[in-house]
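Each chain, written out:
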Amino acid sequence: MAFDVQKIRNDFPILQRKVNGYPLVYLDNAATSQKPQVVIDCIVDYYSNYNANIHRGVHTLSQEATDAYEMARKKIQTHFNIAHLHEVIFTSGTTHGINLVANGFSTLLNKGDEIIVSALEHHSNIVPWQMLCERSGAILKVIPINEEGVLILSAYEELLSEKTKLVFVNHISNALGTINPIKKIIEKAHAIGAAVLIDGAQSCSHIKPDLIDLDVDFYVTSAHKMCGPTGVGILYGKEDWLRKMPPYQGGGEMIKEVTFEKTTYADLPHKFEAGTPNICGGIAFGAAIDYLNSIGFNAIAAHEKMLLDYATKELLAIEGLKIYGTGSEKTSVISFNIDGIHPYDIGTIIDKLGIAVRTGHHCAQPIMDYFNIPGTVRASFSFYNTIEEVDSLVQGVIKAKLMLT
Ligand SMILES: *Cc1c(COP(=O)(O)O)cnc(C)c1O
């Protein structure tokens, strides 16, 4: 099937709207993606026809909702190639998944153990580990980056030792677009007996990860960056680890038996799913995965690579413009600045032209500190963006530059 971007755009109602009198040019996909009609319909269908609480009711609506929710879990298992269905834990998103693992490890670490994170991390992948270190007396070590915004693997190997218990790296950096060599990172950690958690929040809209092949211990992602709704995501964990970790939150759904003397916990995955979950969100996450697969990840990658190459070339033609994140392995994210201009000012001016980009530190302040900048303008492209939209961005940036210098 040929890739027809105009046809794909018709699937997204929001892409038809205008902003400040101009057609919307949505280039903030690294923050959240837009939603296709099939996902919106799925949400409306759930609340219109079979809204009910799950897993407990004997009535028809509850069974229909339970079946749809558990079918979504199955779709997620298949999509990510996960060995066991009970290794798929529904969460409220990436941040929740990371905190769940950090909390679980607080009982498994000893004083002086070491945790390695990368310098490319999102704040949500830094702060929970700092909190974990405070609680457990473990020590946080950081894999440095080079001028291209690429992790220095030799430095990573030097950090690894018998003290290392955990390694946490994102699959793709949301701030720079760098794709990290996670397979190598996982192999090296396993060689010394450390566990690895991969933050897939930024990768799952571009790449279909094979978790059995990666042999990763934990993988987290959010639905909202892959055409699904906000407030839902998954944690994948290898069964052994999930059994070793204590529950994160207590409540309904996660228990087997409760008395005031002793409570026993439900089996996996429910042990980590306290309370009424985002039922509709989970079901719509399944619909989003179906939608992405109907387009195909090879087609998505090819189109996005074309946009990335074209936008990189056109932007670099603007005098004084510098791109951060220039490694050869990167996805369709361009972080840039223009000499002497604050990124916020560029973002504000091009918004007047209907162009949505992100400005600031992108929840990754340590990266900005490394480059000694307050932030960047970040344009992040999705499979539904077009060459014409790249042209609008470039024209907008040129106009902003003229106004600001
Ligand atoms: C978006 C993002 C997160 C946070 O995801 P939430 O959905 O806000 O929990 C974490 N890491 C990376 C790399 C991201 O891009």
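Residues numbered from 1 in each chain as written. Predicted model: local features only at pLDDT ≥ 70, side-chain atom pairs only at ≥ 80, totals over all residues. Heavy atoms only, no water.

(A) Molecular detail of the overall build of the chain. Summing up its helical and strand segments, the chain has 14 helices and 17 strands in all. For 405 residues, the compact-globule estimate of 2.2 N^0.38 gives 22 Å, and the C-alpha radius of gyration of the chain, at 22 Å, lies within 12% of that figure. Dimensions of the chain, computed from C-alpha atoms along their principal axes, come out at roughly 70 × 55 × 35 Å. Buried positions account for 54% of the 405 residues belonging to the chain. (Helix = DSSP H or I, 4+ residues; strand = E, 2+ residues; numbered from the N terminus. Rg over C-alpha atoms; globule rule 2.2 N^0.38 Å. Buried < 20%, exposed > 50% of the residue type's maximum accessible area, 1.4 Å probe, protein only.)

(B) Highlighting the nonpolar core. Within the largest apolar cluster, 73 residues are counted, with the highest numbers of intra-cluster contacts made by Phe-80, Val-167, Val-216, Ile-367 and Phe-383. Tallying contributions element by element places helix α10 (residues 279-295) first for this core, with 11 residues. With sequence-adjacent residues up to four places away left out, Phe-80 is seen in contact with Cys-204, Pro-209, Asp-210, Leu-211, Tyr-219, Thr-221, Met-226, Ile-234 and Ile-289. Of all hydrophobic cores here, the second largest spans 27 residues; its members include Ile-323, Ile-346, Val-357 and Val-377. (Core = buried A, V, L, I, M, F, W, Y, C linked by side-chain atoms within 4.5 Å. Contact = heavy atoms within 4.5 Å.)

(C) A look at the packing of α10 against helix α11 (residues 297-316). Where α10 meets α11, the axes come as close as 5 Å, and the angle between the chain directions of the two elements is 70°. Our classification of the angle between α10 and α11 gives roughly perpendicular. In this structure, α10 uses Leu-292, Asn-293 and Ile-295 to contact α11, whose residues at the interface are Phe-297, Ala-299 and Ile-300. Residues of the contact of α10 with α11, tallied by class, amount to five nonpolar, one polar and no charged. (Axes fitted to C-alpha atoms, helices over the stretch in contact; angles between N-to-C directions. Parallel < 35°, antiparallel > 145°, perpendicular 65-115°, else oblique. Nonpolar A, V, L, I, M, F, W, Y, C, P; charged D, E, K, R; others polar.)

(D) Quick peek at the site of the ligand. Near the ligand, the surroundings consist of Thr-94, Thr-95, His-122, Ser-124, Ile-172, Asn-174, Asp-199, Ala-201, Gln-202, Ser-222, His-224 and Lys-225. Interatomic distance of 3.5 Å between a backbone N/O atom of Thr-94 and an oxygen atom of the ligand. Within the side chain of Asp-199, one N or O atom sits 2.5 Å away from a nitrogen atom of the ligand. Considered on its own, the ligand offers 380 Å² of accessible surface; in the complex 86% of this is hidden by protein. Class assignment for the residues of the shell around the ligand results in two nonpolar, eight polar and two charged. (Near = heavy atom within 4 Å. Polar contact = N/O pair within 3.5 Å; in protein donor to acceptor, adjacent residues only side chain to side chain. Areas by Shrake-Rupley, 256 points an atom, 1.4 Å probe, with all protein chains shown as cover.)

(E) Spotlight on the environment of Ile-387. Mapped onto the fold, Ile-387 is located in helix α14 (residues 387-404). For Ile-387, a relative accessible area of 26% corresponds to the partly exposed category. Separated by 248 residues in the primary sequence, Ile-387 and Ile-139 place their C-alpha atoms 47 Å from one another. Excluding residues that lie within four positions of it along the chain, Ile-387 makes contacts with Met-306, Leu-307 and Tyr-310.

(F) Expanded view of the sheet that holds strand β14 (residues 333-338). On the basis of which strands lie adjacent, the open sheet formed by four strands has the order β13-β14-β17-β16 and antiparallel pairing. Bordering the open sheet on either side are β13 (321-324) and β16 (358-360), each of which pairs with just one other strand. The sheet shows a mean angle of 30° between the axes of neighbouring strands, direction not considered. One ladder, built from four bridges, connects β14 with strand β17 (residues 376-380); its direction is antiparallel. (Pairing = 2+ DSSP bridges.)

(G) Up close: the packing of helix α4 (residues 94-105) against helix α5 (residues 127-136). For the pair α4 and α5, interaxial distance at closest approach is 9 Å and the crossing angle is 15°. Of the possible angle classes, the one that applies to α4 and α5 is roughly parallel. Here α4 and α5 pass one another in a crossing that is right-handed. Residues Ile-98, Asn-99, Val-101, Ala-102, Asn-103 and Phe-105 of α4 touch α5, and the partners they reach there are Pro-128, Trp-129, Leu-132 and Arg-135. By residue class, the composition of the contact of α4 with α5 is seven nonpolar, two polar and one charged. (Left-handed = near helix turned anticlockwise from the far one by under 90°.)

(H) Structural context of the packing of aromatic side chains. One pass over the structure, following the stated rule, counts 15 aromatic pairs. Considering the side-chain rings of Phe-80 and Tyr-219, the 6.4 Å spacing of their centres and the 50° angle between planes classify their relative orientation as tilted. Note that Phe-80 is positioned in helix α3 (residues 60-80) and Tyr-219 in strand β9 (residues 218-222), a separation of 139 residues in sequence. By the burial criterion, Phe-80 is buried, and Tyr-219 matches it. Here Tyr-370 and Phe-371 contribute two aromatic rings whose centre-to-centre distance is 4.9 Å and whose plane-to-plane angle is 85°, an arrangement assigned as edge-to-face. According to the relative accessible area criterion, Tyr-370 is partly exposed, its value standing at 36%. Look at Phe-371 and you get buried, because its relative accessible area is 11%. The structure contains a cluster of three or more aromatic residues connected by ring pairs, namely Phe-12, Tyr-291, Phe-383 and Tyr-384. (Phe/Tyr/Trp six-rings, centres within 6.5 Å; stacked < 30°, edge-to-face > 60°.)

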